[in-house]
Amino acid sequence: MGGDLTRGGLPGGPDTAGTRPGAEPRPAGTPRIVGIVWGLLVLNTLGSAGAKTIVPLPRSLIQMVTMGSLVAAFALALVVNQRLRIRPSAYVLLLTLLLVSSVISSASLESGLGALFRCFRLTLFIGTLWLLSRWWDGSLTFVRYHIRMYFAVLGSVAAGLVVSPGAALPDLYGGRLVGALWPLTPPQIGQYAAVIIGLTVLLFLGHRTDRTSAVAVIVPSFVLLALTHTRTATLGLFIGLALAICSLILTSAAARRFFTWAVLCAVVAGVGFASALQSWFLRGQSQENFSSLTGRAKVWNALLAAPRSTSEKLFGVGLGDKSFGGLPIDNSWLAVYNEQGLIGVTLVAAIIIVLGGVALLRPPSLQRACAIFLISYCAIASYTEAGLGDASPYLLHLALAASLLAAPAGAAPLSTPEPTPEVPRRHIPRWARRTEVI
């Protein structure tokens, strides 16, 4: 089955979709502009802080591009959905409640005017998701949008590595891969690579893409992931993919074969390359530094020990830059607790629980497996990465999972032929009725 993930088109071409047994129905009702809107949301969540680029980019310019992309995404979503038709979504509803909590906590301006600006950004982000929910029908359309856009981002990282290896592998980050053309940190690159690797593997196992397209995406992405030395993304990829494939084992022979070979390869790699894997995993850090999660634990302990009023415990101090005492928090739950309080933590936990519960209740399918992978990855990454409480790639990954778990739109009623108009009955005289035909 054909299916180019980087260019478009469903497996087997547009004319064959939905005609083969088990084939995915072609989402003919999804306008192309919806993919542009999704790409703009991805661009907005790339962030404005990162490594030094080959050509220095002012942070104001980067923020203008990222914020402009969000405004453009919202405007285009309004254009394509002028009648404001939306689908009920527990995920976006919980995000809306989180926005209300964020506005309440930011209104005190304890985190400055920047908190209100971040609330405005989150409002546009959630509003765009509401407008796009009209096309959330459980198909793989948005999965392909996701893969293509993040693969393009990784393409810029690879181009920077080729143009200037020194800038792409700086000593400041310990020789880890960064974005040399656009300021991206190693954890960001690792996250994008891990997500599209996992989704592409699942599409291949589900016969939604061919081997050539899958290899063209997976191999370079895995190389970039290895160069980032990102432990969280690597663990999230393997654990999330294992859970997703396990959900397909009972219904997919390809999933069973892949799982068996993956286990064998993991055992061989663990025995034959144990020292190399340990060296890659430790990244040259001492045991003390590793045990404190590269200093994260110190920030976490200081945040939890800081005195807080009852209002700050419930609502937090308002949306900020996910830092405490000038140091990054690097934990989604503690970042949410700091900025949106216990109410925010409860809402974020509800998002994970609701999406996970719905995924478990769905019958086995490729869409369900992709959703399980995304939910698992975000839950694992939340321990050492922030982002579940604000507009971020993690919320976009979970939005993709929500689109995959949405019930398919009701099929349009089949057209029925118009009733033939009744022919008026001719009046037959009584004498003619009594005539017998010989």
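Predicted model only: the values in this text are computed from it and were never measured.

A. Quick look at the nonpolar core. Membership of the largest hydrophobic core comes to 99 residues, with the highest contact counts inside it found for Trp38, Tyr91, Leu129 and Leu202. Ranked by the residues each element gives to this core, the list is headed by helix H7 (residues 186-205), at 12 residues. Those residues in contact with Leu129 that lie beyond four places of it in its chain are Trp38, Leu41, Tyr91, Val92, Leu95, Trp136, Leu396 and Ala399. Counting residues in each nonpolar core, the second largest holds 6 residues, with Leu303, Leu334, Ala335 and Tyr337 among its members.

B. Expanded view of the side chain of Ser376. Within the secondary structure, Ser376 is located in helix H16 (residues 366-381). Of the polar contacts made by the side chain of Ser376, one reaches the backbone oxygen of Ile372; its length is 2.7 Å. Apart from the residues within four sequence positions on either side, Ser376 is in contact with Gly240 and Leu243.

C. Focus on helix H2 (residues 59-80). In a regular helix each residue adds 1.5 Å, so 22 residues correspond to 32 Å; H2 covers 31 Å between its end C-alpha atoms and thus fits that length. Every buried residue of H2 is accounted for by Ile62, Thr66, Met67, Ser69, Leu70, Ala73, Ala77 and Val80. Seen along its axis, H2 keeps its buried residues to an arc of 155°; they face one direction.

D. Molecular detail of the environment of Leu235. The topology assignment puts Leu235 in helix H9 (residues 231-246). The class for Leu235 is partly exposed, based on a relative accessible area of 39%. In sequence terms Leu235 and Ile380 are 145 residues apart; their C-alpha atoms lie 8.0 Å from each other.

E. Just unusual backbone geometry, in detail. For His207, which is not a glycine, the phi torsion comes out positive at approximately 60°. On the secondary structure map, His207 appears in the loop between H7 and helix H8 (211-228). In this model, Lys322 sits at a positive phi of 60°, which is unusual for a non-glycine residue. Tracing the backbone shows Lys322 in the loop between helix H14 (310-315) and strand S1 (323-324).

F. Summary view of helix H1 (residues 32-44). Over its 13 residues, H1 runs 19 Å from end to end, which matches the ideal 18 Å to within 8%, given 1.5 Å per residue. Within the span of H1, buried status applies to Val34, Gly35, Val37, Trp38, Gly39, Leu40, Leu41, Val42 and Asn44.

G. View of the pattern of salt bridges. If you walk through the whole model with that rule in mind, you get 3 salt bridges. When the shortest N-O distance is used, the salt bridge between Asp390 and Lys322 registers 3.1 Å. Note that Asp390 is positioned in the loop between H16 and helix H17 (393-405) and Lys322 in the loop between H14 and S1, a separation of 68 residues in sequence. The pair formed by Asp390 and Lys322 is uniform in burial state, with each residue classed as buried. One network of salt bridges, with partners in common, ties together Lys322, Glu339 and Asp390.

Scoring rules and cut-offs
- Residues numbered from 1 in each chain as written.
- Predicted model: local features only at pLDDT ≥ 70, side-chain atom pairs only at ≥ 80, totals over all residues.
- Heavy atoms only, no water.
- Core = buried A, V, L, I, M, F, W, Y, C linked by side-chain atoms within 4.5 Å.
- Buried < 20%, exposed > 50% of the residue type's maximum accessible area, 1.4 Å probe, protein only.
- Helix = DSSP H or I, 4+ residues; strand = E, 2+ residues; numbered from the N terminus.
- Contact = heavy atoms within 4.5 Å.
- Polar contact = N/O pair within 3.5 Å; in protein donor to acceptor, adjacent residues only side chain to side chain.
- Expected span 1.5 Å × (residues − 1).
- Arc of directions from axis to C-beta.
- Salt bridge = Lys/Arg side-chain N within 4 Å of Asp/Glu carboxyl O.

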